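Commentary on secondary and tertiary structure
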Amino acid sequence: MTVISATGLPTSQDFNGRKILVVDDDPAAIRFIQEGLGSGYDFLSANDGEAALAAVRDNLPDIILCDVEMPKMNGLEVCRILKNNRRFSFIPFILMTAREESSFKVEGLDLGADDYLIKPLNLFELAARVRSMLRIKSLQDELISTNARLQDINEKLHELSMTDTLTGLYNRLFFTKRFAYEFQRSDRYRSPLTCVMIDIDHFKQVNDTHGHQVGDTVLKGVSKVLTAALRKVDILARYGGEEIVVVLPETPLERGAEVAERLRKSVAEAKFEHDGLAKPVGVTISVGVSAIPDETIKNDDDLLRVADAALYRAKEQGRNRVEIGA
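A few points on the structure. Note that the coordinates shown come from a computational prediction; the quantities given were computed from them, not determined experimentally.

**Side note on the pattern of salt bridges**
Evaluated as defined, the whole model comprises 25 salt bridges. A salt bridge links Asp 58 to Arg 57; the shortest N-O distance between them is 3.5 Å. Residue classification places Asp 58 among the exposed residues on the basis of a relative accessible area of 56%. Since its relative accessible area comes to 46%, Arg 57 is described here as partly exposed. With a closest N to O distance of 2.9 Å, Arg 321 and Glu 323 form a salt bridge. The network of salt bridges with common partners includes Arg 18, Asp 62, Lys 137 and Asp 141.

Here's what the structure looks like:
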């Protein structure tokens, strides 16, 4: 809504509180602009270019009115510096000068100035230019905010596309792609790579006895225990149901077996609480391990198959144990 200020100039209540930085080495010129634009704005001021840069950095104004001819650093240099900084480049910048040469105006506009005003200033023109620039700034702010929200949504969607919603581990689709990449990298550079297949023992019994909500609690708890026991470079994914797979880059078979045994012990020692249960639930895991280099393993499917076969041997031989693929 547009109203008339005490000075007789139209002003917009939509811009109440917007910060206007006035830069001029003449204090009287600064007062003239502030009084002319009227109340409602939040005015900042600077008497030279260096002070202007500090004011922009510390206060992030919505618009800058800057005199060209100033000591230490002129308005053109201030404009060039701000417009070359991504943080400040979207702030509307209006140059003010008594010089009317076209070449001088072109220089300022080429440096990124958004508008030019000739001194002595016409307050009606000044007020109109300020409102126009603030409308543009409002649209820019809205666009930046919208883009930030879209980026946040895209990041969340990307995360959801990679992760299992229950456990927070990588999902099978992402694992398949990442595992193929890790195998190719290890095969190319002849570096070791270990695959660990894990199955929660008697998980169906947990669900049948306590219900699926308790089963979910156990699955999430086991996932947290495994995550805490691994390196950041290790890849941990829910392969399906109660099966979890781990890929250990730069890890030979012997070391991979040690890691697998540590994971088994960590889970066996953990207890998982759930509301309504008289006591926490404990579970164990069976684990199968395979690794390259191995002459019998030609691709990532082979590496996974050997680990899976070792896992089933562990289950057949009593569970809660680690078996090495052969």
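**Here's the deal with helix α1 (residues 27-37)**
Of all the positions in α1, only Ala 29, Ile 30, Ile 33, Gly 36 and Leu 37 are classed as buried. Buried residues along α1 cover an arc of 140° about the axis, so they all sit on one side. Structurally, the start of α1 carries an N-cap: the backbone nitrogen of Ala 28 is 3.0 Å from a side-chain oxygen of Asp 26.

**Some thoughts on the packing of helix α6 (residues 172-189) against helix α10 (residues 300-316)**
At a minimum axis distance of 9 Å, the contact between α6 and α10 shows a crossing angle of 110°. One element, α6, and the other, α10, form an angle in the roughly perpendicular class. Facing α6, whose interface residues are Phe 175, Phe 179, Ala 180 and Phe 183, α10 presents Asp 300, Leu 303 and Leu 304. A per-class count over the contact of α6 with α10 returns six nonpolar, no polar and one charged.

Calculation notes
- Residues numbered from 1 in each chain as written.
- Predicted model: local features only at pLDDT ≥ 70, side-chain atom pairs only at ≥ 80, totals over all residues.
- Heavy atoms only, no water.
- Salt bridge = Lys/Arg side-chain N within 4 Å of Asp/Glu carboxyl O.
- Buried < 20%, exposed > 50% of the residue type's maximum accessible area, 1.4 Å probe, protein only.
- Helix = DSSP H or I, 4+ residues; strand = E, 2+ residues; numbered from the N terminus.
- Arc of directions from axis to C-beta.
- Polar contact = N/O pair within 3.5 Å; in protein donor to acceptor, adjacent residues only side chain to side chain.
- Axes fitted to C-alpha atoms, helices over the stretch in contact; angles between N-to-C directions.
- Parallel < 35°, antiparallel > 145°, perpendicular 65-115°, else oblique.
- Contact = heavy atoms within 4.5 Å.
- Nonpolar A, V, L, I, M, F, W, Y, C, P; charged D, E, K, R; others polar.

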